[in-house]
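Residue-level structure breakdown
The residues making up each chain are set out below.
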Amino acid sequence: MRQGVGALFLGVCVAVLAIAGADDPYRFFTWNVTYGDIYPLGVRQQGILINGQFPGPDIFSVTNDNLIINVINSLTEPFLLSWNGIQQRRNSYEDGVYGTTCPIPPGQNFTYILQAAGGFGGIRILSRPLIPVPFPPPAGDYTVLIGDWYKANHTALKATLDNGNMLPFPDGILINGRGSGASFTVEKGKTYRLRISNVGLMNSLNFRIQGHKLVLVEVEGTHTVQNTYSSVDVHVGQSLSVLVTADQPAQDYYVVVSSRFTSPVLTTTGVFHYSNSAGPVSGPIPGGPTTEVDWSLNQARSIRTNLTASGPRPNPQGSYHYGMVNTTRTIRIANSAGLVSGKQRYAVNSVSFIPADTPLKLADYFKIDGVYRVGSISDNPTGGGIYLDTSVMRADYRAYIEIVFENSEDILQSWHLDGYSFFVVGMDGGQWTPASRNQYNLRDGVARCNIQVYPKSWSAIYIPLDNVGMWNLRSEFWARQYLGQQFYLQVYTTSTSLRDEYPIPKNAILCEHWTVDRTRHEQRSGFPGPARPQAEPLKPRRSEPDHVSAFATLPPWRRRGGSFFLLPQLSFPAGTPYLSPSKTLRPSTISVASLRPASLVSGFPLRLRAWFRMAVERILKDEASEEKGERARMASFVGAMAIADLVKTTLGPKGMDKILQSTGRGHQVTVTNDGATILKSLHIDNPAAKVLVDISKVQDDEVGDGTTSVVVLAGELLREAEKLVAAKIHPMTIISGFRMAAECARNALLQKVMDNKEDAEKFTSDLMKIAMTTLSSKILSQDKEHFAKLAVDAVMRLKGSTNLEAIQIIKKPGGSLKDSFLDEGFILDKKIGIGQPKRIENAKILVANTAMDTDKVKIYGARVRVNSMSKVAEIEGAEKEKMREKVQKIIAHGINCFVNRQLIYNFPEELFADAGILAIEHADFDGIERLALVTGGEIASTFDNPESVKLGHCELIEEIMIGEDKLIHFSGVEMGQACTIVLRGASHHVLDEAERSLHDALCVLSQTVNDSRVILGGGWPEMVMAKEVDELARKTPGKKSHAIEAFSRALLAIPTIIADNAGLDSAELISQLRAEHHKEGCTAGIDVISGSVGDMGELGISESFKVKQAILLSATEAAEMILRVDEIITCAPRKREDRMGSCPIRWCEVAVHGCAFCSISFLFWMEEIGVRCFNGLQALLPWLRSLAGSFWYPGNCFTRNPPAACFDMAGAISETDPQVLLAHKFPETSFAYTERDAALYALGIGACGRDPLDADELKYVYNENGQQCIKVLPTFAALFCLQSLPDGLRFPGLQYDQRLLLHGQQYIELYKPFPSSAHLQHKVSLAGLHDKGKAAVLEVETKTFEQASGELLCMNRMTAYLRGAGGFSKSSQPFSYSNYPPDQVRAVKIPKDKPFSVFEDCTQSSQALLYRLSGDYNPLHSDPMIAKVAGFSQPILHGLCTLGFAVRAIIKCICKGDPDMVKSISGRFLLHVYPGETLVTEMWVEGSRVIYQTRVKERNRIVLSGYVELHRWTSSL
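Residues numbered from 1 in each chain as written. Predicted model: local features only at pLDDT ≥ 70, side-chain atom pairs only at ≥ 80, totals over all residues. Heavy atoms only, no water.

1. Some remarks on the overall build of the protein chain
Scanning the protein chain from terminus to terminus reveals 32 helices and 65 strands. When the 1517 residues of the protein chain are sorted by exposure, 55% land in the buried category. Considering only intrachain contacts with a sequence separation of at least 6, the fraction spanning at least 24 residues in the protein chain is 76%. For the protein chain, the exposed surface amounts to about 64,800 Å²; the carbon and sulfur share of it is 51%. (Helix = DSSP H or I, 4+ residues; strand = E, 2+ residues; numbered from the N terminus. Buried < 20%, exposed > 50% of the residue type's maximum accessible area, 1.4 Å probe, protein only. Contact = heavy atoms within 4.5 Å. Areas by Shrake-Rupley, 256 points an atom, 1.4 Å probe, with all protein chains shown as cover.)

Written out as structure tokens, the structure reads:
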């Protein structure tokens, strides 16, 4: 339905950008089609959305761009996407109508491959850059989508038509998907372009703007004479562009859209808003034109082609002199309406179209008989009654025909023809006759793809049939189209040349209906075709077989031996194109006996092959995808070539730059033509494209230059390989030929290399030439001699080393690039402090990375209380003495310069100045590493042993000025080859690109020093290699010779692109080069400066042999790797549990609080759309409650009317009532665990983590040495409290702010050892409630019994601090209640003496996930997204897991591995732990109690403290 599918053409929200190359670039899109709730007229409706958008996304492209659009059908019904206005040149398979394309099944995808031409709605196809547009660029460009709309869903409208009824009058009109409120913001005095498209179902619409004139400039891809109108009529399916100038007083104005020729008149409004508007819209809504047809007819006739302007695409549909060409055929089309078997139908020339079981184009391609009949519709109206048929009209390719649309009805008609732009030559009232041709416009009619026909009128068009295929000619009124007012025009030729029509796409969906009784099919209905009622009388139709005969013949290369493959039939869900909505086919087996011999072939039948493919795909996990064979290879080729096309324009001395803009904070901009920099900045999904990005990075790392050339050569090799694969040459044959060609090309270069390393003067000259050649394509090309000398001097100082760390590059804005210079020594971009020596000779340098800022106490967690300021002074004095000692140790090294990576505070800086030592602070890490390297020192961090510290030395340290900046210069450094290149330039962007350019030159020169072989440049190497490869191809028999020739063509593409990028005639230059290179000793290449063939030796254009060799071999290997691909498997993404249910959420804050002293807030999106939404949130609450033993949530926050309750959870609720809380009876709960659960818990708290065969801990996970069952650790009891409180801490009479809850302590008493498996019963009671003024303390006790015996196993007491919940006491005495002895849990004081025992245990990086297996499903400890929202860099370890680590350490060290010694456990949670950190547990023994504290070694922070009470002591203790 257009109302459902209408969203597919609507789009103003998102502009989809894509990679663009040089020639017909590829633009990639992914559209996910889903259902969603929309409210266009204020009523909730189910709409069809693209990427969640209504209207859907825009497509921005340029004429002839290749659009690769992956459409994913996430609906529950098959789906077709037609491309209204896109001219599918030679490719009607991609047209997206049921006569050419199978619907996309639910849950599957289909990739459309289109070439941009035409356009409609949100599909913007712009003119190519070289084609002028006949109006100045507008200040803004708006897409305006208008159309009538129904409040009923598309399924209800479809049911109305299937029942034989007409659609009611529409309920309203939309502007960009909104019934009202659409707004267009403009600036006064500027001109804007509005692209207006009527995407409605049945009504013509009039568009106007209060007080403004509309200048028509374009209609459906044709530039028009720029007439001015007060309003314009836009008929269904039509699109036009107008220019509007904001030339009125600054205020808001009405944008009005109203229906035409209807009663009543529907009207909607938007706002034309001036950015400096002084007031809202005012005055009456401007009225539209009269209801008479003449006004609209005259306006349509006034629309003429602008003959002084070029079209958006060059010369579409043949010559513009269309009126001088004789037509070869006249077709008259008459629409009619009537009843067939009591149901409404619409017809063309008396034929009401019904869709066939198989798309007509597929039937035509596979030569399936009986699907349609050519000539089933007449060229002229018959005047007879309406009958049903699959109407197809055939016309000859390259014919020039006239079509006359005749409308005898009282409503306006709108017609559309796929695949073409036709010339509108005439329209008038009355009956058409041959004499009507006298009034045709044969000079400047508009070329378009939609035509309106006014009531009791006719319209005529001319069409040159230059596009082979099966093309749909249909009414744009959706109801009429759906009920039969359409047919197919088959533009036919006997030729099978690719010049005339492309073959069937390799990813084409194949579908076909199989049935034994065809008469039953006449009663079926389904999308997209309507039900097929019987008509009386019916005209004769094609014969109907009474048995299955429609097996599709496979291409010969897919045939298998002589056997038959029979598979069960596929069962389709209700709503598919093949079945009634109320029925499904049952799987059945096809019998060979029931088939005619001619209907079988050796191979899979068409539809069964598709079933087999789907069955194989089910082997993979859901959401995993698999592409095989040609599809996989095509995807690889397309991705790789797109990357090559992206960077090819940067190749050569005249290559262009790219601007790379970051999407992160600051939107950083980089201007560069460096291939590696461009490619590493891209986010790429295509795996083959990533291969090319990787080889570019490797090229940059290995030799520094040629990063663009290697990608372009690989892309050209794949472009040639694609042609060979299409010619049925096997990829392995191509690879073999490529290998032979690459070896031949390399040998050709080896014979031509020059090596002047023995002659220092010539070698230096070679280096200069290489440097200038490298820099000639960079930003430094204008001063390439200057920078080449800098680079050569710097590299020659390295004396053969390739360690470029000794060459420092400093960038200082200011001056020009020519002001850059090379300085011998090292320059540190820092200033010398005040009062320090500005010049030091014979410097002894200590390079350090140490803290020099400890001017205050830094003991974590410490607080110092003093009773006087004198005490504070004493503390400061002690700290200064501490720092003085450290400075004296540094001075004792005998230095006169101290360089520190970190800050140096005032006091130590003063001490250094007093000692005459230059102190340099905050030198960046790269700076001190390089300084230590060049001065011969080492970085120190401790200073107790001066003899172990290696000092740096230099002859002089002094302060210098560069521009307006002061820097520190180190000269006479120990590493004599060190130097600094100072770059000057106008801006940071220029300096950054200059640094990249100079780095490339330095890399190439350093590699050339090692491998001194040199070759000429300027395309000379490629011509030499191509010549030798061509010779090899002539000598090579078989198909390999084709691959070798292709390799030669790919090599020639490099000089071709260099010439193209310089704006030269590449064809002419390459042909001249070919001729020159057949001469002996030729040194000719492309001289882009003079634009001709030049002598590369005389011009001094040279390249490093190592660079060219790396380009050749890397590109060949990359192309070979991609050629080998015959399958792409995309792994299924890791699924996250849908914790949100199906509920869209609006702002509602649910507080979550952790096992440490912190609080975390999660914000969920909630939308007030009724009870169903909040029922979905009820399903969310168990997840929230499960957020740990220390996380608790409300049980009934979301009710029938939740927003008020949720937004003010604390303020809107009554005060805590302790009496109600004490009277509350907690329900008993049961819980069962197995031996596996206990073993998983033991692994989760680190058992056997360090040693899988640890005898002390193996018993927790394995029955060893005759042991009947595993041992259960005592802290396993901590999990029981999670099971006993399914609703969390949500009790009657207890009110508190959930965001301020802290889980502070856990106390466990153990009465007997736990069995390895058990069924348990939990009894919960309130153990304590205390009013602490600003906070309340809640204690909940859980007693756990064995279910069978009733024996008490353990008791858990959890203490929660409810901050802000105190003050509920009714008397002056604070309320306090507890039901356990006050001294049962005494406060723990950590001893100051040495621990009795210390145990160190390293958690694993997956520890949180291991602990999760024990049953504590807390996403904060396993889900990175949740942890990030909570403020942690990664999931944290559960507090109860940390408690398990500590108690296990006590059992191991104190109890000698006997867990039964533990009587009770108390723990207080202090701080979080990250998985992978090391836990150090310190233990002190006091009687029968073991006091402990656990800290994180890496951060030296205490995270847990408490005690463990023991039953007895071991004999050893």
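2. Regarding the pairing of strand 9 (residues 172–175)
The two faces of strand 9 match: G172 and L174 on one face and I173 and I175 on the other face are all buried. Note that strand 8 (residues 140–149) and strand 9 share 4 bridges and pair antiparallel. In the sheet register, G147 faces strand 9, and the bridge partner there is L174. (Pairing = 2+ DSSP bridges.)

3. Considerations on the packing of aromatic side chains
By the definition in use, this model includes 30 aromatic pairs. Ring centres of F353 and Y488 lie 5.5 Å apart, and the angle between their planes is 50 degrees; this geometry places the pair in the tilted category. Remark: Y488 occurs in strand 33 (residues 486–492) and F353 occurs in strand 22 (residues 351–353); sequence separation between them is 135 residues. Residue classification places Y488 among the buried positions, given a relative accessible area of 2%. Cluster of aromatic residues (ring-pair linked, three or more members): F1231, Y1233, Y1241, F1276, F1280 and F1314. For K361, the ring lying beneath its charged end belongs to Y93, and the centroid distance is 5.2 Å. For the cation-ring pair, K1259 lies above Y1260, with the distance from its terminal atom to the ring centre recorded as 5.1 Å. (Phe/Tyr/Trp six-rings, centres within 6.5 Å; stacked < 30°, edge-to-face > 60°. Lys NZ or Arg CZ within 6 Å of the ring centre and 35° of its normal.)

4. Considerations on helix 11 (residues 707–726)
In this model, helix 11 (20 residues) spans 29 Å end to end at C-alpha, consistent with the 28 Å of a helix rising 1.5 Å per residue. With 16 of 20 residues buried, helix 11 is to be regarded as a mostly interior element. A positive backbone phi angle near 70 degrees is found at K728, which sits one or two residues after helix 11. (Expected span 1.5 Å × (residues − 1).)

5. Section: the sheet that holds strand 12 (residues 205–209)
A sheet is described by the order of its strands in space; here 5 strands give the open sequence 10-19-18-12-16, paired in mixed fashion. In this open sheet, the two strands that pair with only one neighbour each are strand 10 (183–186) and strand 16 (231–234). Adjacent strand axes in the sheet meet at a mean angle of 20 degrees, parallel and antiparallel pairs treated alike. Relative to strand 18 (residues 252–259), strand 12 is paired through 5 bridges, and the arrangement is antiparallel. By the bridge assignment, L205 is partnered in strand 18 with S259. Running at roughly 90 degrees to strand 16, helix 3 (residues 293–302) makes contact with strand 12 and strand 16 of the sheet. (Axes fitted to C-alpha atoms, helices over the stretch in contact; angles between N-to-C directions.)

6. Quick word on unusual backbone geometry
A cis amide bond links F54 to the next residue, P55, at an omega of -5 degrees. Along the chain, P55 falls in the loop between strand 3 (45–50) and strand 4 (58–62). The amide bond that connects S263 to the next residue, P264, takes the cis arrangement and shows omega of 5 degrees. With respect to the secondary-structure elements, P264 resides in the loop between strand 18 and strand 19 (267–274).

7. Some details on the sheet that holds strand 48 (residues 1013–1016)
Strand order in the open sheet formed by 3 strands is 37-48-51, with antiparallel pairing between adjacent strands. Two strands close off the open sheet at either side, each with one partner strand: strand 37 (754–755) and strand 51 (1102–1104). Here strand 48 pairs with strand 51 via 3 bridges, running antiparallel. In the strand pairing of strand 51, V1014 is matched with S1104. On top of the sheet, helix 13 (residues 760–775) reaches strand 48 and strand 51; it is set at about 95 degrees to strand 51, its chief contact.

8. Quick notes on the pattern of salt bridges
By the definition in use, this model includes 55 salt bridges. Note that E841 is salt-bridged to R839, the shortest N-O span being 3.4 Å. Looking at R839, the relative accessible area reads 48%, which means it is partly exposed. One salt-bridge network, in which partners are shared between bridges, spans D645, K648, E716 and R719. (Salt bridge = Lys/Arg side-chain N within 4 Å of Asp/Glu carboxyl O.)

9. A few points about the confidence of the model for the protein chain
Here the protein chain averages 78 in pLDDT, while 81% of its residues score no lower than 70. Within the model, the stretch residues 1–23 combines pLDDT values under 50 with 88 contacts to residues more than four positions away or in other chains. Scored below 50 in pLDDT, residues 1137–1214 makes 186 contacts in the model with residues more than four places away or belonging to other chains. (pLDDT = per-residue confidence, 0-100.)

10. Some words on the environment of I810
Take I810: it is sitting in strand 38 (residues 807–813). Its relative accessible area of 6% is what places I810 among the buried residues. Taking C-alpha positions, I810 is 6.3 Å from I981, a pair spaced 171 residues apart along the chain. Apart from the residues lying within four places of it in its own chain, the contact partners of I810 are I827, L967, T980, I981, V982 and L983.

11. Section: a negative patch on the surface
On the surface, D755, E758, D759 and E761 cluster together into a negatively charged patch. Counting through the fold element by element, D759 comes out in the loop between strand 37 and helix 13. (Patch = residues over 30% accessible without salt bridge, like charges linked within 9 Å, V, L, I, M, F, W, Y side chains within 5 Å. Lys, Arg positive; Asp, Glu negative; His and termini not counted. Charge placed at Lys NZ, Arg CZ, Asp CG, Glu CD.)

12. Topic: the environment of T290
Positionally, T290 belongs in the loop between strand 19 and helix 3. Between the C-alpha atom of T290 and that of R260, which follows or precedes it by 30 residues, the distance is 8.7 Å.

13. Notes on the packing of helix 10 (residues 687–702) against helix 23 (residues 1105–1123)
Close contact between helix 10 and helix 23 brings their axes to 10 Å; oriented N to C, the two are set at 160 degrees. Classed by the angle they form, the pair helix 10 and helix 23 counts as roughly antiparallel. Crossing handedness for the pair helix 10 and helix 23: right-handed. Listed contacts from helix 23 to A688, V691, L692, I695 and Q699 of helix 10 are V1107, A1110, I1111, S1114, A1118, M1121 and I1122. When its residues are assigned to classes, the contact of helix 10 with helix 23 shows 10 nonpolar, 2 polar and no charged. (Parallel < 35°, antiparallel > 145°, perpendicular 65-115°, else oblique. Left-handed = near helix turned anticlockwise from the far one by under 90°. Nonpolar A, V, L, I, M, F, W, Y, C, P; charged D, E, K, R; others polar.)

14. Describing the nonpolar core
Counting residues in hydrophobic clusters, the biggest one holds 130 residues, and the most contacted among them are I957 and F970. Broken down by element, the residue count for this core peaks at 11 residues, all from helix 20 (residues 1040–1061). If we skip the residues at most four places from it in the chain, I957 touches K838, R839, I840, A843, I845, C897, L918, I968, H969 and F970. (Core = buried A, V, L, I, M, F, W, Y, C linked by side-chain atoms within 4.5 Å.)

15. Some remarks on helix 3
Residues of helix 3 that are buried: S296, L297, Q299 and A300. The buried residues of helix 3 occupy an angular sector of 160 degrees when projected down its axis, which confines them to one face. Along its buried surface, helix 3 packs onto strand 15 (228–229), strand 16, strand 28 (422–429) and strand 30 (450–453). (Arc of directions from axis to C-beta.)

16. Some words on the pairing of strand 63 (residues 1478–1486)
Taking burial as the measure, the 9 residues of strand 63 include 7 buried ones, the bulk of the element. Across 6 bridges, the pairing between strand 61 (residues 1397–1402) and strand 63 is antiparallel. Residue C1402 lies in a different strand from strand 63, and its bridge partner there is T1478. The pairing of strand 63 with strand 64 (residues 1489–1496) spans 8 bridges and is antiparallel. Bridging across to strand 64, V1480 finds its partner in R1495.

17. Here's the deal with the packing of helix 11 against helix 20
Close contact between helix 11 and helix 20 brings their axes to 9 Å; oriented N to C, the two are set at 140 degrees. On the basis of their axis angle, the class for helix 11 and helix 20 is oblique. The hand of the helix 11/helix 20 crossing is right-handed. Between helix 11, through S709, V712, L713, E716, L717, E720 and L724, and helix 20, the contact on the second element is made entirely by H1042, A1043, A1046, F1047, R1049, A1050, L1051, A1053, I1054 and I1057. Along the lines of polarity and charge, the residues of the contact of helix 11 with helix 20 split into 12 nonpolar, 2 polar and 3 charged.

18. Structural notes on the side chain of N335
With respect to the helices, strands and loops of the structure, N335 is situated in strand 20 (residues 329–340). Exposure remark for N335: the relative accessible area of 3% places this residue in the buried category. In terms of polar contacts, N335 uses its side chain to reach the side chain of N407, at 3.1 Å. For N335, the side chain forms a polar contact with the side chain of E409, separated by 2.7 Å. When neighbours within four sequence positions are excluded, N335 is seen to be in contact with A347, E406, N407, S408, E409, Q413, W415, R480 and Q485. (Polar contact = N/O pair within 3.5 Å; in protein donor to acceptor, adjacent residues only side chain to side chain.)

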